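Structural characterization, general
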Amino acid sequence: MELGLIVKKSRNGEGIFVTKPFKSGGVLYEVRGARFHYTTLLSKGGTFLDNCFRLSENYYLSPEGYIGVFQNHSCSPNA
């Protein structure tokens, strides 16, 4: 796990939470994972598709196996 971050239960499943203050503009973690063509995402579907980040017109990043898989959307984020 990344230093200063934990994964715990949130309103919509599990999410990433900080355990210490971070400097404004600082990096909390780097989203890592494998790159997939969009046709692979469509064939796998489900939560795999839901958790991927768009990299370009045709490619997406799957954070599976890394902390980024717990990243959630917020309409009013604090980080």
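For the structure, see preceding data.
Residues numbered from 1 in each chain as written. Predicted model: local features only at pLDDT ≥ 70, side-chain atom pairs only at ≥ 80, totals over all residues. Heavy atoms only, no water.

Regarding the overall build of the protein chain
Applicable threshold: Numbered from the N terminus, helices here are DSSP runs of H or I no shorter than four residues, and strands are runs of E no shorter than two. When accessible area is computed with a 1.4 Å probe and restricted to protein chains, residues below 20% of their type maximum are described as buried, those above 50% as exposed, and intermediate ones as partly exposed. The criterion used for residue contact is that any of the two residues' heavy atoms lie within 4.5 Å.
Each helix and strand counted, the protein chain has two helices and five strands in total. If you list the helices and strands of the protein chain from N to C, you get β-β-β-α-α-β-β. Each principal axis of the C-alpha atoms in the protein chain carries an extent, and together these give about 40 × 25 × 25 Å. Buried residues in the protein chain amount to 19% of all 79 residues. Long-range contacts, defined here as pairs at least 24 residues apart, represent 40% of the contacts in the protein chain between residues at least 6 apart.

As for the environment of Phe 48
Residue placement: Phe 48 occurs in helix H2 (residues 46-50). With relative accessibility at 12%, the residue Phe 48 sits in the buried group. Linking Phe 48 and Glu 64, residues 16 residues apart in sequence, is a C-alpha distance of 7.9 Å. Not counting chain neighbours up to four residues away, the residues in contact with Phe 48 comprise Phe 36, Leu 41, Ser 62 and Glu 64.

Comments concerning the pattern of salt bridges
To keep it simple, the criterion reads: By definition here, a salt bridge exists when the distance from a side-chain nitrogen of Lys or Arg to a carboxyl oxygen of Asp or Glu is within 4 Å.
Inspection of the entire model under this criterion finds one salt bridge. Between Arg 32 and Glu 30 there is a salt bridge, and its shortest N-O distance comes to 3.8 Å. Residue classification places Glu 30 among the exposed positions, given a relative accessible area of 52%.

Section: the side chain of Ser 62
You can see Ser 62 is positioned in strand S5 (residues 59-62). Beyond its immediate chain neighbours, meaning those up to four positions away, Ser 62 contacts Arg 32, Gly 33, Ala 34, Phe 36, Phe 48 and Cys 52.

Structural notes on the packing of aromatic side chains
The condition that has to hold: For Phe, Tyr and Trp, rings pair up if their centres lie within 6.5 Å, where Trp contributes its six-membered ring, and each pair is then called stacked (planes under 30 degrees apart), edge-to-face (over 60) or tilted (otherwise). Distance and angle both matter: a charge sits over a ring if NZ of Lys or CZ of Arg is within 6 Å of the ring centre and within 35 degrees of the ring normal.
For the structure shown, the criterion picks out one aromatic pair. Note on Phe 36 and Phe 48: the rings are 5.2 Å apart at their centroids and 85 degrees apart in plane angle, and the pair reads as edge-to-face. Taken together, the residues span a long stretch of sequence, with Phe 36 in strand S3 (residues 34-37) and Phe 48 in helix H2 at a distance of twelve residues. In this arrangement the basic side chain of Arg 35 is found over the ring face of Tyr 59, its NZ or CZ atom lying 4.2 Å from the centre. Between Lys 44 and the ring centre of Phe 48, over which it is positioned, the NZ or CZ distance is 4.6 Å.

What about a nonpolar patch on the surface?
Let me state the cut-off plainly: Nonpolar side chains (Val, Leu, Ile, Met, Phe, Trp, Tyr) are joined into patches within 5 Å and like charges within 9 Å, using only residues with over 30% relative accessible area and no salt bridge. Surface exposure here means Shrake-Rupley accessible area, sampled with a 1.4 Å probe, where a residue is shielded only by the protein chains that are shown.
There is a patch of nonpolar side chains on the surface, built from Tyr 38, Leu 42 and Leu 49 and spanning about 270 Å² of accessible area. With respect to the helices and strands, the residue Leu 42 is situated in helix H1 (residues 38-44).

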